[in-house]
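# Observations on the three-dimensional arrangement
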Amino acid sequence: MQKAIIGKKIGMTQIFDEKGKVIPVTVVEAGPCVVSQKKTVEKDGYEAVQVGFHDAKAQHVNKPMKGHFEKAGVAPKTTLREFRFEDCSGYNVGDLIKADVFAAGDKVDVSGTSKGKGYAGVIKRWNFHRLRESHGTGPVARHGGSNGAISDPSRVFPGLKMAGHLGAESVTVQNLTIAKVDVENNLIAVKGAIPGPNGGVVVIRDSVKA
């Protein structure tokens, strides 16, 4: 059965394996999550499971979402995510998904929203090479240079790497390894770094490449 869980990034630390080797890990508070809706091909046109994470205060939920949670018989949640599994028969509305769905050694993909860094130049955003700062180069050492020819094609092609907004976008890191699972405290330690700031919402799911 395919697995996925929503969590909150706590931060990075390090643990030691049986041989005393240091393993850098990112700790995620994974769940407990609850299944708030089950979508079917007959009714919705596709099969999926909607999962909620982290209890929300009643005054922070609008009327449509309040009715949605009451229909499912679950407490209001701050975060909802939908997972399109090939087989959703193992999930039912109201089921709890805890950290124990994963085990040490599992291969996973982790998705999150990267840190927003605002407006950035081409050197920081795209790793452009800087120009020489002498001999007539002028005050353009960190500029992007030419955007293309003048007469042909007489335009700038879409997708050209230029200065602009950096970060604050959905990022997925694939094929990471779960180093440790703490079921009692709902914690999952993922080997390596994952997207987003501490406190950010992340999604851990089975790796598509495993």
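Everything below is about the structure shown above.
Residues numbered from 1 in each chain as written. Predicted model: local features only at pLDDT ≥ 70, side-chain atom pairs only at ≥ 80, totals over all residues. Heavy atoms only, no water.

### Notes on a nonpolar patch on the surface
A cluster of nonpolar side chains, contributed by V156, L160 and M162, occupies part of the molecular surface with about 230 Å² of accessible area. Along the chain, the position of V156 falls in the loop between α3 (122-126) and β9 (164-166). (Patch = residues over 30% accessible without salt bridge, like charges linked within 9 Å, V, L, I, M, F, W, Y side chains within 5 Å. Areas by Shrake-Rupley, 256 points an atom, 1.4 Å probe, with all protein chains shown as cover. Salt bridge = Lys/Arg side-chain N within 4 Å of Asp/Glu carboxyl O. Helix = DSSP H or I, 4+ residues; strand = E, 2+ residues; numbered from the N terminus.)

### Remarks on the sheet that holds strand β10 (residues 170-182)
Pairing is antiparallel in the closed barrel, where 6 strands are placed in the order β1-β2-β11-β10-β7-β12. Averaged over all adjacent pairs, the angle separating strand axes in this sheet is 50 degrees, with direction ignored. Pairing of strand β2 (residues 22-30) with strand β11 (residues 187-191), which is carried by 5 bridges, proceeds in the antiparallel orientation. From the neighbouring strand, V25 faces β11, where its bridge partner is K191. (Pairing = 2+ DSSP bridges. Axes fitted to C-alpha atoms, helices over the stretch in contact; angles between N-to-C directions.)

### Notes on the side chain of K9
Within the element layout of this structure, K9 appears in strand β1 (residues 4-16). Here K9 sits buried without a salt bridge, and the closest side chain of opposite charge, E29, lies 14 Å off (N-O distance). In this structure the side chain of K9 is engaged in a polar contact, spanning 3.1 Å, whose partner is the backbone oxygen of I194. For K9, the side chain forms a polar contact with the main-chain oxygen of G196, separated by 2.6 Å. (Buried < 20%, exposed > 50% of the residue type's maximum accessible area, 1.4 Å probe, protein only. Lys, Arg positive; Asp, Glu negative; His and termini not counted. Polar contact = N/O pair within 3.5 Å; in protein donor to acceptor, adjacent residues only side chain to side chain.)

### Describing the nonpolar core
Core analysis: the largest hydrophobic core is formed by 27 residues, its most contacted members being V110, I188 and I204. Elements that contribute at least two residues to this core include exactly β1, β2, β3 (33-39), β4 (48-55), β7 (107-113), β10, β11 and β12 (201-206). For I204, the residues in contact, after removing those within four places along its chain, are A4, I5, V28, F102, V108, D109, V110, I188 and V190. With 6 residues, the next largest nonpolar core counts V34, A56, F69 and A72 among its residues. (Core = buried A, V, L, I, M, F, W, Y, C linked by side-chain atoms within 4.5 Å. Contact = heavy atoms within 4.5 Å.)

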